[in-house]
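# Architecture at a glance
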Amino acid sequence: MKIASWNVNSLNVRLPHLEQWLRDAQPDVVGIQETKLEDARFPDTALAALGYRTVFAGQKTYNGVALLARDRALDDVQIGIPGFEDEQKRVIAATIDGVRVINLYVVNGQDVGTDKYAYKLRWLAAVHDWVARELAAHPKLVVLGDFNIAPDDRDVHDPAVWNDTHILTSTAERDALRGLLGLGLHDAFRLHHAEAGVFSWWDYRQAGFRRDLGLRIDLTLVSDALREAAVASGIDREPRTWDRPSDHAPAWVSLRG
């Protein structure tokens, strides 16, 4: 089972890219973020034509998440974090062939010390408690998405810039991610790749992609029960080279059996 995550940054704009990538990469399960579409406008018919069943939760202009599964049912769907009131559509989960998949579009946080940063930390704390319960109920668990956190200095192009004072790399954000991993999750990319300088997001400004000024903030996390089954992982840079691309590239993990 190949499971992927991709922040498409507007599905209305990027649907042709998603369709092409689904045909080329042939993932079995995909979590997408920033669909920026109300549910009535979600292109479920177009994706069904490619063999994908879908569940989604969207809103106009901002946020929006979805799960796609090729020729597989999506069961026990959960939208939002249980017990955490939030109008923003950032979370969707489903069980697919016995694997529980949680798709997150983590809050950006704007700047360290702002109200949005405080909201991000509260949101991450709620995710931590919910994932702990999900792990107890579903040992085979994958948590994926745009985390808006670079795990460590290997995952940023310039640690002198992306440091404790900067959003996406502050100590509190990284501690929150480490707390999530501490529940019994593993960064699938790091199971197979130790090197620095592999990124999944590049700013549109300052020729970020051409200069490879990126961060690795799109993650696929696998539970202890799936660690040995995670036989490959990576980031597919090619869609970032296409015309009018998303600023993110797909991250993926392949599970054996």
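Look above for the structure.
Parameters and conventions
- Residues numbered from 1 in each chain as written.
- Predicted model: local features only at pLDDT ≥ 70, side-chain atom pairs only at ≥ 80, totals over all residues.
- Heavy atoms only, no water.
- Phe/Tyr/Trp six-rings, centres within 6.5 Å; stacked < 30°, edge-to-face > 60°.
- Helix = DSSP H or I, 4+ residues; strand = E, 2+ residues; numbered from the N terminus.
- Buried < 20%, exposed > 50% of the residue type's maximum accessible area, 1.4 Å probe, protein only.
- Pairing = 2+ DSSP bridges.
- Core = buried A, V, L, I, M, F, W, Y, C linked by side-chain atoms within 4.5 Å.
- Contact = heavy atoms within 4.5 Å.
- Axes fitted to C-alpha atoms, helices over the stretch in contact; angles between N-to-C directions.

### With respect to the packing of aromatic side chains
Counted under the stated rule, the structure contains 3 aromatic pairs. Summarising the aromatic geometry, the rings of Trp-6 and Trp-21 are spaced 5.4 Å apart at their centres and angled 65° between planes, so their arrangement reads as edge-to-face. Taken together, the positions of Trp-6 in strand β1 (residues 2-7) and Trp-21 in helix α1 (residues 11-25) put the pair 15 residues apart, joining distant regions of the chain. For Trp-6, a relative accessible area of 1% translates into the label buried. Taking the centre distance of 4.9 Å and the plane angle of 90° together, the rings of Trp-202 and Phe-209 count as edge-to-face.

### Brief notes about the pairing of strand β12 (residues 218-223)
In terms of burial, β12 is largely enclosed, as 6 of its 6 residues are buried. Residues Asp-218, Thr-220 and Val-222 of β12 are buried on one face, and the alternating residues Leu-219, Leu-221 and Ser-223, pointing to the opposite face, are buried as well. Examined bridge by bridge, strand β8 (residues 141-146) and β12 share 5 bridges and lie antiparallel to one another. Residue pairing across strands places Leu-144 opposite Thr-220, the latter belonging to β12. Two elements, strand β9 (residues 185-187) and β12, share 3 bridges in a ladder whose sense is antiparallel. Each residue of the ladder has a partner; that of His-186, found in β12, is Val-222.

### Description of the nonpolar core
The biggest cluster of nonpolar side chains holds 24 residues, and the ones touching the most others in it are Ile-102, Leu-104, Trp-123, Val-131, Val-143, Phe-147 and Leu-185. Contributing elements (two or more residues each) for this core: β6 (91-96), β7 (99-105), α3 (115-137), β8, α4 (171-181) and β12. It is α3 that contributes the most residues to this core, 8 residues altogether. When residues no more than four places from it in sequence are discounted, the contact partners of Leu-185 are Val-131, Leu-135, Leu-141, Val-143, Leu-180, Leu-221, Val-222 and Ser-223. Ranked by size, the runner-up nonpolar core spans 23 residues in total, among them Val-29, Val-55, Val-222 and Leu-255.

### With respect to the sheet that holds β6
Spatial ordering of the open sheet is given by β5-β6-β7-β8-β12-β9, a layout of 6 strands whose pairing is mixed. Of all the strands in the sheet, just β5 (75-79) and β9 have a single pairing partner and so form its edges. On average, adjacent strands in this sheet sit at an angle of 20° to one another, irrespective of strand direction. Sheet topology places β6 next to β7; 6 bridges connect them, and they run antiparallel. Each residue of the ladder has a partner; that of Thr-95, found in β7, is Arg-100. Against the sheet, α3 contacts β5, β6, β7, β8, β9 and β12, and its axis sits at roughly 175° relative to β7.

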